[in-house]
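# Close look at the chain arrangement
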Amino acid sequence: MRPAHALIDLSALRHNYQLAKSLSGCRAFAVIKANAYGHGAVRCAETLQGSADAFAVACIEEALELRAAGIRQPILLLEGWFEADELPLLAEHDLWAVLHHEEQLLQLQDANLSRPLHIWLKLDSGMHRVGFSPAEYASVWQRLAALPQVASLSKITHFSRADEPETGRTEQQLATFAAATAGLEGPASLCNSPGILAWPQAHHDWLRPGIMLYGATPFEFEQDNASKLRPVMQLISRIIAVRELPAGEPIGYGSRFITPRPTRVGVVAMGYADGYPRHAKDGTPVLVDGQRTGLIGRVSMDMLTVDLTDLPGSGLGSAVTLWGNGLNASEVASWADSIPYQLFCNLNRVPRHYRD
Ligand SMILES: *Cc1c(COP(=O)(O)O)cnc(C)c1O
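What you are looking at is a predicted structure, and each value in this text was computed from that prediction instead of being measured. (Residues numbered from 1 in each chain as written. Predicted model: local features only at pLDDT ≥ 70, side-chain atom pairs only at ≥ 80, totals over all residues. Heavy atoms only, no water.)

## Observations concerning the domain arrangement of the protein chain
Formally: Where each domain starts and ends follows an automatic or database-derived domain assignment. Any two residues whose heavy atoms approach within 4.5 Å at even a single point are treated as in contact. In what follows, salt bridge is the name for a side-chain nitrogen of Lys or Arg lying within 4 Å of a carboxyl oxygen of Asp or Glu. Nitrogen and oxygen atoms within 3.5 Å of one another constitute a polar contact, given that in protein one can donate a hydrogen and the other can accept it, and given that sequence-neighbouring residues count only through two side-chain atoms. Here a helix means four or more residues in a row that DSSP labels H or I, a strand means two or more in a row labelled E, and each is numbered from the N terminus. Residue classes follow a fixed rule: Ala, Val, Leu, Ile, Met, Phe, Trp, Tyr, Cys and Pro count as nonpolar, while Asp, Glu, Lys and Arg count as charged, and any other residue, Gly among them, counts as polar.
Along its sequence, the protein chain is organised into domain 1 (10–214) and domain 2 (233–355). Listed by partner, the interface residues are twelve residues for domain 1 and nine residues for domain 2. Counting the contacts that link domain 1 with domain 2 gives zero salt bridges. Counting across the domain 1 and domain 2 interface gives three residue pairs in polar contact (both at pLDDT 80 or more). Counting residues per element, the ones that place at least two in the side of domain 1 that touches domain 2 are helix H1 (10–22) and helix H2 (33–38). When residues in the side of domain 1 that touches domain 2 are grouped by element, the largest group, four residues, is from H2. Classifying every residue of the side of domain 1 that touches domain 2 gives six nonpolar, five polar and one charged.

## A short note on the packing of aromatic side chains
Rule in force here: Stacked, edge-to-face and tilted labels apply to pairs of Phe, Tyr and Trp rings (six-membered ring for Trp) whose centres lie within 6.5 Å, assigned for plane angles under 30 degrees, over 60, and everything in between, in that order. Type-normalised accessible area, obtained with a 1.4 Å probe on protein chains alone, sets the label of each residue: buried when under 20%, exposed when over 50%, and partly exposed for intermediate values. Consider the ring centre and the ring normal. A charge sits over the ring if Lys NZ or Arg CZ is within 6 Å of that centre and within 35 degrees of that normal.
Taken as a whole, this structure holds twelve aromatic pairs when the rule is applied. Measuring from centroid to centroid gives 5.0 Å for phenylalanine 219 and phenylalanine 221, while their planes differ by 40°, and the two rings are tilted. Owing to a relative accessible area of 37%, phenylalanine 221 belongs among the partly exposed residues under this scheme. The ring of tyrosine 354 has arginine 43 lying over it, and the distance from NZ or CZ to the ring centre is 4.4 Å.

## Comments concerning the UniProt feature "domain: Alanine racemase C-terminal" (unreviewed entry) in the protein chain
The condition that has to hold: UniProt positions are given in the numbering used here, feature names are shortened, and annotations may be inferred rather than shown by experiment.
Within this numbering scheme, the UniProt entry marks residues 232–355 as carrying the feature "domain: Alanine racemase C-terminal" (unreviewed entry). Counting secondary structure, residues 232–355 comes out at 10% helix and 35% strand; the distance between its end C-alpha atoms is 10 Å.

## Topic: the site of the ligand
Condition: In this text, near means that some heavy atom of the residue lies within 4 Å of the molecule or strand in question. What sets the accessible areas is the Shrake-Rupley method with a 1.4 Å probe; for residues, cover comes only from the shown protein chains.
Taken together, 13 residues lie near the ligand, and Lys33, Tyr37, Ser193, Ile211 and Tyr341 sit nearest. In the model, an oxygen atom of the ligand is placed 2.5 Å from a nitrogen or oxygen of the serine 193 side chain. Tyrosine 341 has a polar side-chain atom sitting 2.7 Å from an oxygen atom of the ligand. Contact with the protein chains removes 93% of the 390 Å² of surface that the ligand exposes when unbound.

## Concerning empty space enclosed by the protein
Over the atoms, a rolling probe the size of a water molecule traces out where space has been left empty. Stated formally: Both site types are read off a 1 Å grid over the protein atoms alone. A 1.4 Å probe that fits but cannot get out defines a cavity, while an open set with protein on both sides within 12 Å along at least five of seven lines defines a pocket; lining residues have an atom within 4 Å of a point. Grid points are joined across faces, edges and corners, and a volume is the space filled by probe spheres set on the points.
Counting across every chain of the model gives two cavities of 30 Å³ or more. Space inside the largest cavity adds up to approximately 60 Å³. Forming the walls of the largest cavity are Tyr214, Gly215, Ala216, Pro231, Val232, Met233, Trp323, Gly324, Leu327, Asn328, Ala329 and Phe344. Residues of the lining of the largest cavity, tallied by class, amount to nine nonpolar, three polar and no charged. Here the second largest cavity is characterised by a volume of approximately 40 Å³. Taken together, the residues that form the lining of the second largest cavity break down as three nonpolar, four polar and three charged.

## A word on the pattern of salt bridges
This model, assessed by the stated rule, comprises 15 salt bridges. The shortest N-O distance in the salt bridge between arginine 2 and aspartate 274 comes to 2.9 Å. With a gap of 272 residues between them, arginine 2 in the segment before strand S1 (5–9) and aspartate 274 in the loop between strand S13 (263–268) and strand S14 (285–288) connect regions that are remote in the sequence. Exposure remark for arginine 2: the relative accessible area of 33% places this residue in the partly exposed category. Note on aspartate 274: relative accessible area 0%, which makes it buried. Residue aspartate 9 pairs with arginine 230 through a salt bridge whose shortest N-O separation is 3.6 Å.

## Examining the layout of surface pockets
Estimates place the volume of the largest pocket at around 820 Å³. Surrounding the largest pocket, 38 residues form its lining, Tyr37, His158, Asn192, Pro194 and Tyr341 being those nearest its centre. Looking at which element gives the most residues to the lining of the largest pocket, the answer is helix H10 (residues 329–335), with four residues. Looking at the lining of the largest pocket residue by residue, the classes come out as 19 nonpolar, ten polar and nine charged. Estimated volume of the second largest pocket: approximately 230 Å³.

Right, dumping it as structure tokens:
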């Protein structure tokens, strides 16, 4: 069998969820949209079933997959519904919904539902993607409060730069949120992972940890709380060929890398078809037998090449970790001008093996 696989450590997932909770004492939606950031939504939900207050996903398709698997907790749809015909299903399957747009309000008002819905009213506090403006927020809230289709109302907003504490942007968003929601009684949810890890004053009632659940740091700098996360995914393979090249020889497509010295090249069964980022630069860290070395040459579809010159004990069959323990996906991502979110979501072809 091809040795490339993703090893998913479910106990690390539990640990990371508990870390989010322990930093605040709030309740927390475990965000498992996009197939739990590539980790397998059903397995992740089953793992957290005993501990998670609720889950959050991007759409009803993702939520119904969890319901079909027997997940019973509340599930929040982070963009609510996209078409009015989803509304009866939301009621039937007890799905909570973000409401971010006037059109959704009109559809809700016209809906004939088996029971009223739990609505999270989105405020655009400065991200300028979705949500009602601060000026209109309170009046939309009052209209919703009067609807028989609404079981409860909660407040939600999203940070654009919580991973960059020095910019002042999060303070502005917090002030906007406080002003726009003043006097509106109900639970609030503001924090994504960087908010949870770095903005205790923003925690409020419900956290929304996503990337931190999977053990990747959202920060580009060392951060105390983030250092307590445990990577959930190990992306693993093996060396499947070794060759010795003299100085001055090109490696791989486009001859991007030219050996600067006599070089021992290891070929790894892992490529961009597996989700490894094609834009990873020469020098991107890779662990071979637990030791750091670097990528050399362009990543191809099924293989990539690493420098084994300084690892004389490693060779054919050596274990390779592309990210995981000892090499955070965030670090790999930064070498590919990407973010760990995208690395995880791009995971493809490789089988996932679970360990608890
Ligand atoms: C995806 C998402 C989250 C989780 O964000 P992380 O940065 O992964 O923690 C939280 N809230 C909303 C609205 C989201 O879309």
